[in-house]
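As a plain string of letters, each chain reads:
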Amino acid sequence: FPYNGYPSAGDFSQSVGYLSYVPDGATISEKVAHIADLLTSGRMSSDVLAQIVASFDAGASDEMKIMVAQQLIATSPEFHTTNLVNRDGSPREPTPIPPRTN
């Protein structure tokens with residue numbers, strides 16, 4: 001473990017799986033969009049995709065960028081829902097508390 005007890009990227013000696021999928025696309029933006037389509041069924045907006053692509057370190061390899069994109073998409077709200085996400089900036093209405101039953 002080269003850095004404070006954490007494995008370096010690509011060190012899978014302690015895992016039972018690893019991120020190895022290589023998406024279609026000529027640019028990194030196209031590859032991220034392809035991964036997002038597979039993981040979210042097209043629910044991810046172009047704004048969120050742009051934020052994911054903008055989060056990459058300029059010096060990182062394409063392989064590292066794909067791994068980071070997979071991780072970021074898997075932690076997004078669009079990945080954890082089955083409906084379309086509406087990001088309009090307005091506050092959500094609180095869910096009413098159901099009445100008690102005996």
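Residues numbered from 1 in each chain as written. Predicted model: local features only at pLDDT ≥ 70, side-chain atom pairs only at ≥ 80, totals over all residues. Heavy atoms only, no water.

## What about a nonpolar patch on the surface?
Reasoning step 1: Residues Tyr21, Leu38, Leu39 and Phe79 make up a contiguous nonpolar surface patch of roughly 350 Å² in combined accessible area.
Reasoning step 2: Mapped onto the elements of the fold, Tyr21 is located in the segment before α1 (28-40).
Reasoning step 3: Classification of Tyr21 as partly exposed rests on a relative accessible area of 36%. (Patch = residues over 30% accessible without salt bridge, like charges linked within 9 Å, V, L, I, M, F, W, Y side chains within 5 Å. Areas by Shrake-Rupley, 256 points an atom, 1.4 Å probe, with all protein chains shown as cover. Salt bridge = Lys/Arg side-chain N within 4 Å of Asp/Glu carboxyl O. Helix = DSSP H or I, 4+ residues; strand = E, 2+ residues; numbered from the N terminus. Buried < 20%, exposed > 50% of the residue type's maximum accessible area, 1.4 Å probe, protein only.)

## Observations regarding the environment of Leu72
Reasoning step 1: Of note, Leu72 is situated in helix α3 (residues 62-74).
Reasoning step 2: According to the relative accessible area criterion, Leu72 is partly exposed, its value standing at 33%.
Reasoning step 3: Placed 17 residues apart in sequence, Leu72 and Ser55 show a C-alpha to C-alpha distance of 9.6 Å.
Reasoning step 4: Not counting the four nearest positions on each side in its chain, Leu72 is found in contact with Ile52 and Ser55. (Contact = heavy atoms within 4.5 Å.)

## Considering the nonpolar core
Reasoning step 1: Core analysis: the biggest nonpolar cluster contains 12 residues, these being Ile28, Val32, Ile35, Ala36, Met44, Val48, Leu49, Ile52, Phe56, Ile66, Ala69 and Ile73.
Reasoning step 2: Tallying contributions element by element places α1 first for this core, with 4 residues. (Core = buried A, V, L, I, M, F, W, Y, C linked by side-chain atoms within 4.5 Å.)

## Points about the environment of Leu38
Reasoning step 1: You can see Leu38 is positioned in helix α1.
Reasoning step 2: We classify Leu38 as exposed; its relative accessible area is 52%.
Reasoning step 3: Counting along the chain gives 15 residues from Leu38 to Pro23, while the straight-line C-alpha distance between them is 9.7 Å.

## Side note on the packing of α1 against α3
Reasoning step 1: Contact pair α1 / α3: the axes reach a minimum separation of 10 Å and the direction vectors enclose 35 degrees. Crossing handedness for the pair α1 and α3: right-handed. In this structure, α1 contributes Ile28, Lys31, Val32, Ile35, Ala36, Leu39 and Thr40 to the contact, and α3 contributes Asp62, Lys65, Ile66, Ala69, Gln70 and Ile73.
Reasoning step 2: Partitioned by chemical class, the residues of the contact of α1 with α3 number 8 nonpolar, 2 polar and 3 charged. (Axes fitted to C-alpha atoms, helices over the stretch in contact; angles between N-to-C directions. Left-handed = near helix turned anticlockwise from the far one by under 90°. Nonpolar A, V, L, I, M, F, W, Y, C, P; charged D, E, K, R; others polar.)

## Some remarks on the side chain of Glu78
Reasoning step 1: Topologically, Glu78 is positioned in the segment after α3.
Reasoning step 2: Since its relative accessible area comes to 1%, Glu78 is described here as buried.
Reasoning step 3: Excluding residues within four positions of it along the chain, Glu78 makes contact with Thr40, Arg43, Met44, Val48, Val85 and Arg87.

## Quick notes on the confidence of the model for the protein
Reasoning step 1: Residues of the protein with pLDDT of at least 70 account for 86%, and the chain-wide mean is 81.
Reasoning step 2: Predicted confidence in the protein is weakest over α3, with a mean pLDDT of 85, and strongest over α1, with 91. (pLDDT = per-residue confidence, 0-100.)

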